[in-house]
Amino acid sequence: MKFLDKRSNKVKNAYSIEANSEKVLVKFTEKGKVYTYNPENIKIIDESQVDAANRIYRFEQRCYQCGQNATIHTYIVFSDNLDEDVTFPWDKERLSRNQDIFAHLQDSSIEYYGLKVIGGNPRLDEALLKKFPEKIKMKYSKTQKRSYPMNVCEHCGAKQGEYFIYRQVNDMIKNMREIEVIGEE
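Bear in mind the structure is a predicted one, so any value in this text is a computation, not a measurement. (Residues numbered from 1 in each chain as written. Predicted model: local features only at pLDDT ≥ 70, side-chain atom pairs only at ≥ 80, totals over all residues. Heavy atoms only, no water.)

Draft legend 1. Fine view of the pattern of salt bridges. Scanning all chains against the criterion turns up 11 salt bridges. Across the salt bridge formed by Lys12 and Asp5, the nearest N and O atoms sit 3.1 Å from each other. Its salt-bridge partner being Asp171, residue Arg177 comes within 3.6 Å of it at the nearest N-O pair. Arg177 gets classed as partly exposed once you look at its relative accessible area, which sits at 37%. One network of salt bridges, in which partners are shared, links Asp5, Arg7 and Lys12. (Salt bridge = Lys/Arg side-chain N within 4 Å of Asp/Glu carboxyl O. Buried < 20%, exposed > 50% of the residue type's maximum accessible area, 1.4 Å probe, protein only.)

Here is the structure:
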């Protein structure tokens, strides 16, 4: 079972959750201690309703080929837990803790936070391919020497690759800019 702790904005795994209007009782292990939460501070996640990509982010990125704004769809997950979405307000401490230091030292123009975007997780990539078949296509990257799902510019069809999306997301997180989440209630 999973729940969102709204105070820390973190998704946590629980062994059992019992809820009523006054309190929520959570056990993290079978024989573990019972923790009490205020119902306003917790959101129980119905895993049967969760898509492979829990959150889908959408933003505009300037197309390198035609110069127009291309709509980008991606997931953003922590590199240390590919099942956990990176959510706003961004946990920059955790993202920095898992930072690719070697890449950052080679190119200090971005932080190289510990996160994955489209192209970084085959299971989540497949979910995006199915959800947006007209906007996301399997394309070959000469740089990465592999095919993976990429956004395509709706104006000219140019590939919008993982690296450039990763750079854009890193910049938005660094500057604490919120990214639109689509498909949520």
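Draft legend 2. Representation of the packing of aromatic side chains within the structure. Scanning the model with the defined rule gives five aromatic pairs in all. When the centroid spacing of 5.5 Å and the interplanar angle of 80° are considered together, the rings of Phe88 and Trp90 count as edge-to-face. Looking at Phe88, the relative accessible area reads 30%, which means it is partly exposed. Look at Tyr163 and Phe164: their rings are 5.3 Å apart centre to centre, the planes differ by 80°, and that puts the pair in the edge-to-face class. Each residue in the set Tyr57, Phe88 and Trp90 is aromatic and connected to the rest through ring pairs, giving one cluster. (Phe/Tyr/Trp six-rings, centres within 6.5 Å; stacked < 30°, edge-to-face > 60°.)

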